[in-house]
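Fold and contact review
Now for the letters of each chain:
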Number of protein chains: 6
Amino acid sequence: MAELTHFDESGASRMVDVSGKEATARMARASGWVRMAPATLELVSDRRLAKGDVLEVARLAGIMAAKRTGELIPLCHPLGLDAVEVRLAAAPPDRVAIEATARLVGRTGVEMEALTAVSVAALTIYDMCKAVDRGMEIGPIRLEEKSGGRSGHYRRQA
Amino acid sequence: MAELTHFDESGASRMVDVSGKEATARMARASGWVRMAPATLELVSDRRLAKGDVLEVARLAGIMAAKRTGELIPLCHPLGLDAVEVRLAAAPPDRVAIEATARLVGRTGVEMEALTAVSVAALTIYDMCKAVDRGMEIGPIRLEEKSGGRSGHYRRQA
Amino acid sequence: MAELTHFDESGASRMVDVSGKEATARMARASGWVRMAPATLELVSDRRLAKGDVLEVARLAGIMAAKRTGELIPLCHPLGLDAVEVRLAAAPPDRVAIEATARLVGRTGVEMEALTAVSVAALTIYDMCKAVDRGMEIGPIRLEEKSGGRSGHYRRQA
Amino acid sequence: MAELTHFDESGASRMVDVSGKEATARMARASGWVRMAPATLELVSDRRLAKGDVLEVARLAGIMAAKRTGELIPLCHPLGLDAVEVRLAAAPPDRVAIEATARLVGRTGVEMEALTAVSVAALTIYDMCKAVDRGMEIGPIRLEEKSGGRSGHYRRQA
Amino acid sequence: MAELTHFDESGASRMVDVSGKEATARMARASGWVRMAPATLELVSDRRLAKGDVLEVARLAGIMAAKRTGELIPLCHPLGLDAVEVRLAAAPPDRVAIEATARLVGRTGVEMEALTAVSVAALTIYDMCKAVDRGMEIGPIRLEEKSGGRSGHYRRQA
Amino acid sequence: MAELTHFDESGASRMVDVSGKEATARMARASGWVRMAPATLELVSDRRLAKGDVLEVARLAGIMAAKRTGELIPLCHPLGLDAVEVRLAAAPPDRVAIEATARLVGRTGVEMEALTAVSVAALTIYDMCKAVDRGMEIGPIRLEEKSGGRSGHYRRQA
C-alpha cells in the first residue's frame, strides 16, 4: 500500500535511508511557466534584443538554486549534481516557458533539483519584472520526465 | 515610461540602489497551490490526524527559505526579516492552499520573501508526496497584497 | 603515538586527505539532552498534544543542520549523507532526550554529522522555549556508537 | 500566562513578528564545556605551545557560526550582528571552557547567536580531537547573561 | 600606534564591536583584472556578440558573492547591502577589467563586499574559460575608493 | 576547435554534463600573493610570534571557502572534496605568499576549489590588515599544477 516514505512508523519525519540503493544514472526534467501582461513580455523580449537579458539572469539563478536543493527542502538528500540545464523562452503573447533538466549518477533521484531550478528561475523573472507588473503568476510547475533507479522511466501524460 | 530597474542604462544587470529610500514598515502576502490526486490529499490529511505532518514540514521549509531569499534571487537585496508566517490548508478534493506573509521595517519590499516562502513550501509538499504521486502540479503562485514604500498599497483583483 | 591529524607536521591546520581511503558503509549515532524546568517540559508536552510541536521543529532543524556540517566545522569534509534520523522524547520531569543517527557510504566517518544534528536540535528547543525558561541547559552531548572505516565498531561504555 | 510564542493561536509554528519592537542595544553571553581525557587536553595544550592551535580553530568556527544562526534555527530572526567574541581556555585536568558574547543594536535578542557560537566551537574541538578521544562530552551549554529589550537584564544564578 | 583590530589585547581573533558606531552612508569601489591569451579574449568577445556572455555570468556571480561576504570572511560583519554593481569590460589585447561598487547605510564599511565581488567575478571568468586557457592570471585586485565612516574619503593614488 | 564548454550550441549557459566521465584521482594546486607595506608585513609577522595569527585565520577561511566553491561559481559542479591544504608564508619585505592544494576522486577537476581557497585567504588577509593599510594588492592568482582526468598533467611554465 502507498505510504509517505518521509515518515517512519511512529510518524516522525526523517531523511530516507538510500545507502542500500545502487548508484545509477538519474535524470529528471521539469517545466514551468510565468504568465505576465503582454506588454511585460515585450519588454523582456526587447531587452533581450538589446543587452540586458532577464532570461539569462533567471537561467543562472535556476542553475545555482538546483545545486542548493538539499539545503532548501528539509528531507531531500544533499547531492553532487553532474549536470543542470535550464532553458527559457518567450511564449507570446503572455508567457515565459521554463524547462530544467538535472542529471546525476547516484543513489537517489533528481526530481527536486529540476523542480527547484524551475521555481527559482520563475521567481527571478518575477523579481526582475515586478516593478512594471505585480500581477504575474507562476505555474503550473510539474515533473515532465524522470529516469533511473528502481521505479523506471516516467513520462507525464499530455 | 516603464522600465526594468534591474538593468542600468547600458543593459547590465545590477542590484538596485535603495540607500536613498526611507525605512518604512513593509508587508507582502503571497499565495500558491499544490494540486494532487484526491487519494494523495487524503494521505496528507490522515497523516496529520496521526503524528506525521507534511504541512508542518512544508511550513518550516517555507519560513526558512524566506530568510535566504537574497541568496537565491540574484538581484534581490539581503534583508533581515522581522516576521514570516506560512499557512497551509487542505482544500479538498485535490489541492493544498499555501499563504505566506512577510514583514520588515526596511528600505525595500518583501514580495520576493513571501513568494519564495510559498514556492519552497510547495516544493517540500511535492518532495514528501512524490513517492505516491508524481503528477502533482505547483501553481498558480502570486502576490496577493503588498504595503509600505513609495508605491502604496497593492491588493490583487479577484 | 597519538597525534592530532588536523595539523600537518609544521602545525598548520588542514582538511585531512581521505582520497586514499576506501568507500565503506559508515554509521554514527549521537545523543544529547536539554534540561528545563518541569513546567516548561509540561508546556512542550501539552503543545504536542494540541497542534504545535516543539520537538518536530527541533527534529527538522537537526536533520537540516546535519546536511550542512561541512560548512560549520572548518576541517570537516563536505559529505553527501545517505540518511539522517533525529529522535526526540520528553524525559519527565525535566529533560528532553535527543538521539541522531547518520549514515553514508563514503570515505570518512559521519560522527560530526550526528553530533551537529543533536546540537542544533537542542538549540532549537532552547529557542522555542526561551521566552518561558532562560535557565535551560544543553548537554551532555556525546557519540554513542560508530561503525565503518578502518577503526572498527565503537560503542560508548555505559 | 506563559506561552510558547513561536506558535500562533492555532498551534502553527511561525517567526514571531518583531517589527513593532524598538531597536535597542542587545547583549548575550553564553558558556559551555568540552570534557575530555586528561591526555587529550595535554595534547591540545601542547600543540598550542607549538604552532597548531585547536582552540583558535574552534574560536573562528564559533564566530562564523554565530553569523549563520538564522539559517540554522528555524524560527530565529536573521540578524546583522555588531560583534561576536569567543573565548576558550584549558581548564585542567580534563575540560575546555568556552564563552561567547554577541552584541547587536536591533529589535530582537542575541541569545541564540551566543549559544550557537559556543555549540559550534565545542563541536569543532570534538572534530579536531576525535581521532585520539571518542569519549569527549559537550555541555552543559547555557545562557549566562542577557541585556537589552523589554525583558531587562538577566544573569544566571550561580 | 597602528594595530590589528581583529585581535583583542590577548591576541585572540574576534569580530570587532561596531555597535557604538554611527550608521552612515558607506561606499566602496574595488577593481581587478584577469589576464588571458589574446585568443581567449577574442573568444569571450565573440560569444558576447552572439548570445552567450561570459561577462554577464561573471557579473551575476560577483553580485551574488558580495551578498555572502560575511559568510566567507571570518571576522567580517554580516551586512544587508543596499546596492552592488559590477562592471566588466574587455581590455584588448589580453585582459578583462572588473570594477565593483557596494553601498550601505550602516555601521561598518563595505570594502570587503566590493573586493569579494571582484574576486568571484574573476574566478568565474577563469572557470568559464579554463577549458581553452589554463594560464590565465587574476589580479591585481585592489580598493580604489571608499567613503563614509570615521576614516573619511579614501582614493587610491594612481 | 577551441570552444567555451559552459555554453550550449545556442549560446545558453549551462553546467557541463560530467555524468559520462570516469571518476579519477584529481589534484590542483594554485598560488597567489598579497602585496602590502613592509610595516604591515612586520605587524603580521610580529603578531604571529605573539598569539594572534592573521595567516592562520586566512588559512581556515581559504579551506572553508574551497568547500563552498560550487555555491559561488555559477556553473561549477558541487564537489565533495577529499582534501584541502592552504599554506601561507611571509615573503619579506612586502608580500605574503599563498598556495592551496585540493584533491578529489571524482568526475571533474578541482582547479576552481584551489583558486577559490587562495582568493578567499587573500581577501581575509586584506580584511584583517585593512585598518592599517588600505593600499594592499591581491594577485597574481594562478593555477600552478593540475592532474587527473582526460587532459593529463599540467604544470605552469616558470
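The shown structure was predicted, so the numbers you read here are calculated from the model rather than taken from an experiment. For every chain, the first residue of the written sequence is number 1, and numbering continues from 1 along that sequence. Key to labels: chains lettered from A, ligands numbered from 1, both in the order written. Local features in a predicted model are, by the rule used here, given only for residues with pLDDT of at least 70; side-chain atom pairs are given and counted only at 80 or more, and totals for whole chains, interfaces and linings are based on all residues. Each side-chain value is derived from all of the structure's non-hydrogen atoms; neither hydrogens nor water enter the calculation.

**Structural notes on the overall build of chain A**
- Secondary structure assignment for chain A yields four helices and six strands.
- Sorting the 158 residues of chain A into buried and exposed places 65% on the buried side.
- The contact rule is simple, with two residues in contact once any of their heavy atoms fall within 4.5 Å. Nonlocal contacts in chain A, meaning residues at least 24 apart in sequence, comprise 69% of its contacts between residues at least 6 apart.
- Exposure was quantified through the Shrake-Rupley algorithm and a 1.4 Å probe, taking into account, for residues, occlusion by the shown protein chains and nothing else. Looking at chain A as shown, the accessible area adds up to about 5,500 Å², and 49% of this sits on carbon and sulfur atoms. Secondary structure elements are defined from DSSP: runs of H or I of at least 4 residues count as helices, runs of E of at least 2 residues count as strands, and each element is numbered from the N terminus. Three exposure classes are used, based on accessible area relative to the maximum for each residue type with a 1.4 Å probe and protein chains only: buried under 20%, partly exposed in between, and exposed over 50%.

**Overview of unusual backbone geometry**
- Following D:Pro92, the chain continues to D:Pro93 via a peptide bond in cis, the omega torsion being 10°.
- As for its position among the elements, D:Pro93 is in the loop between β2 (83–91) and β3 (95–106).
- Each neighbour pair has its own omega, and for F:Gly139 with F:Pro140 the value is -5°, a cis peptide bond.
- Tracing the backbone shows F:Pro140 in the loop between β4 (137–138) and β5 (141–147).

**Examining the arrangement of the chains**
- Nothing in chain A touches chain D, and the closest approach of their C-alpha atoms is 10 Å.
- The least C-alpha distance between chain C and chain E, which are not in contact, is 10 Å.

**Quick notes on the environment of F:Met136**
- With respect to the secondary-structure elements, F:Met136 resides in the loop between α4 (111–129) and β4.
- Separated by 10 residues in the primary sequence, F:Met136 and F:Tyr126 have C-alpha atoms spaced 6.9 Å apart.
- Those residues in contact with F:Met136 that lie beyond four places of it in its chain are E:Ile141, E:Arg142, E:Arg156, F:Val34, F:Arg35, F:Met36, F:Tyr126, F:Cys129 and F:Lys130.

**Points about the relation of the copies chain B and chain A**
- C-alpha atoms of residues with pLDDT of at least 70 in both copies form the basis for the least-squares superposition of the copies. Expressed as a screw transformation, the operator carrying chain B onto chain A has a rotation angle of 180° and an axial translation of 0.0 Å, and the superposed copies differ by an RMSD of 0.0 Å. Expressed as a symmetry operation, the mapping of one chain copy onto the other fits a two-fold axis. No C-alpha of chain B lies nearer the rotation axis than that of B:Gly139, which sits 2.1 Å from it.

**Structural notes on the interface of chain B and chain A**
- Each side of the interface is counted separately: chain B has 55 residues, and chain A has 55 residues.
- Accessible surface is computed with a 1.4 Å probe, and the buried area is the amount of it that two parts give up when combined, taken over both parts together. Carbon and sulfur atoms supply 65% of the area buried between chain B and chain A, which totals about 4,800 Å² over both sides.
- Counted as salt bridges are all cases of a side-chain nitrogen of Lys or Arg within 4 Å of a carboxyl oxygen of Asp or Glu. The interface formed by chain B and chain A includes six salt bridges.
- In this structure, A:Arg156 engages B:Glu137 in a salt bridge whose closest nitrogen and oxygen atoms are separated by 2.8 Å.
- What qualifies as a polar contact is a pair of N or O atoms within 3.5 Å, subject to a donor-acceptor requirement within protein and to the restriction that residues adjacent in sequence count only when both atoms come from side chains. Between the two partners, chain B and chain A, sit 10 residue pairs in polar contact (both at pLDDT 80 or more).
- Going through the elements one at a time, α1 (38–49), α2 (54–67), α3 (69–72), α4 (111–129), β4 (137–138) and β5 (142–147) of chain B are the ones with two or more residues in the side of chain B that touches chain A.
- At 12 residues, the largest contribution of residues to the side of chain B that touches chain A is made by α4(B).
- The residue makeup of the side of chain B that touches chain A, split by class, is 28 nonpolar, 12 polar and 15 charged.
- By the convention used here, strands pair only if DSSP detects at least 2 bridges between them. Pairing geometry for strand β5 (residues 141–147) of chain A and β4(B), over two bridges, is antiparallel. Along β4(B), the bridge assignment pairs A:Arg142 with B:Glu137. Three categories are distinguished: nonpolar for Ala, Val, Leu, Ile, Met, Phe, Trp, Tyr, Cys and Pro, charged for Asp, Glu, Lys and Arg, and polar for the others, with Gly belonging to the last.

**Some remarks on α2(B)**
- Taking 1.5 Å of rise per residue, the 14 residues of α2(B) would be expected to cover 20 Å, and the 21 Å separating its terminal C-alpha atoms lies within 8% of that figure.
- By the criterion of burial, α2(B) is predominantly enclosed, with 14 of the 14 residues buried. Residue count minus one, scaled by 1.5 Å, sets the expected span of a helix.

**Quick word on the relation of the copies chain D and chain C**
- For the pair chain D and chain C, the relating rotation is 180°, the translation along its axis is 0.0 Å, and the fit reaches an RMSD of 0.0 Å.
- The overlap is high: 100% of the interface residues of chain D also sit at the interface in chain C, so the same surface is used on both sides.

**Digging into the packing of helix α2 (residues 54–66) of chain C against helix α4 (residues 111–129) of chain C**
Residues and elements named next belong to chain C.
- α4 packs onto α2 with a crossing angle of 145° between their chain directions and a minimal axis gap of 7 Å. Considering only the axes of α2 and α4, their crossing is right-handed. Of the residues in α4, those touching α2 at Val54, Leu55, Val57, Ala58, Ala61, Gly62, Ala65 and Ala66 are Glu113, Thr116, Ala117, Val120, Ala121, Thr124, Ile125, Met128 and Cys129.
- The class makeup of the residues in the contact of α2 with α4 is 13 nonpolar, three polar and one charged. Fitted lines through C-alpha atoms give the axes, limited to the stretch in contact for helices. The angle between two N-to-C directions lies from 0 to 180 degrees. Two helices crossing with the near one rotated counterclockwise from the far one by less than a right angle form a left-handed crossing, whereas a clockwise rotation gives a right-handed crossing.

**What to know about the pattern of salt bridges**
- Summed over the entire model, instances satisfying the criterion amount to 90 salt bridges over all chains.
- Here the residues in one salt-bridge network are A:Arg68, A:Glu71, B:Arg68, B:Glu71, C:Arg68, C:Glu71, D:Arg68, D:Glu71, E:Arg68, E:Glu71, F:Arg68 and F:Glu71, joined through shared partners.

**Quick notes on the nonpolar core**
- Core analysis: the biggest nonpolar cluster contains 309 residues, and A:Ile125, B:Ile125, C:Ile125, D:Ile125, E:Ile125 and F:Ile125 have the highest contact counts within it.
- Non-local contacts of E:Ile125, meaning those with residues more than four positions away in its chain, are made with E:Val34, E:Met36, E:Val54, E:Leu55, E:Ala58, E:Leu88, E:Val96 and E:Ile98. The set of buried Ala, Val, Leu, Ile, Met, Phe, Trp, Tyr and Cys residues whose side-chain atoms join them within 4.5 Å is what this entry labels a nonpolar core.

**Describing the interface of chain D and chain C**
- Facing the 56 residues of chain D at the interface are 56 residues of chain C.
- Counting the surface lost from both chain D and chain C, the interface buries some 4,800 Å², and carbon and sulfur atoms represent 65% of this.
- Three residues stand out in chain D for area buried against chain C, namely D:Leu4, D:Leu123 and D:Arg134, and they jointly supply 15% of the buried area on that side.
- One can count six salt bridges joining chain D with chain C.
- For the pair chain D and chain C, the interface holds 10 residue pairs in polar contact (both at pLDDT 80 or more).
- The set of elements that each furnish at least two residues to the side of chain D that touches chain C consists of α1 (38–49), α2 (54–67), α3 (69–72), α4 (111–129), β4 (137–138) and β5 (141–147) of chain D.
- Here the element with the most residues in the side of chain D that touches chain C is α4(D); it accounts for 12 residues.
- Residue composition of the side of chain D that touches chain C, grouped by class: 29 nonpolar, 12 polar and 15 charged.

**Regarding the pairing of β5(B)**
All names here are of chain B.
- Burial analysis of β5 places five of its six residues in the buried class, the great majority of the element.
- Pairing of β5 with strand β6 (residues 154–155) involves two bridges; the strand directions are antiparallel. The residue of β6 that forms the bridge with glutamate 145 is arginine 155.
- In textbook terms, the turn of a hairpin is the stretch between consecutive antiparallel strands, and for β5 and β6 this stretch comprises six residues, one of which, glycine 148, has a positive phi near 100°.

**What about the pairing of β3(D)?**
Residues and elements named next belong to chain D.
- Pairing geometry for strand β1 (residues 24–35) and β3, over 12 bridges, is antiparallel. Opposite glycine 32, over in β3, you have isoleucine 98 as the bridge partner.
- Where β2 and β3 come together, nine bridges link them in antiparallel fashion. Paired with glutamate 85 across the two strands is threonine 101, which belongs to β3.

**Observations concerning the environment of F:Glu71**
- Tracing the backbone through its elements, the reader meets F:Glu71 in helix α3 (residues 69–72).
- Non-local contacts of F:Glu71, meaning those with residues more than four positions away in its chain, are made with A:Met64, A:Arg68, A:Glu71, C:Glu71 and E:Arg68.
- Here E:Arg68 takes part through its side chain, which lies 2.7 Å from a polar atom of the side chain of F:Glu71.

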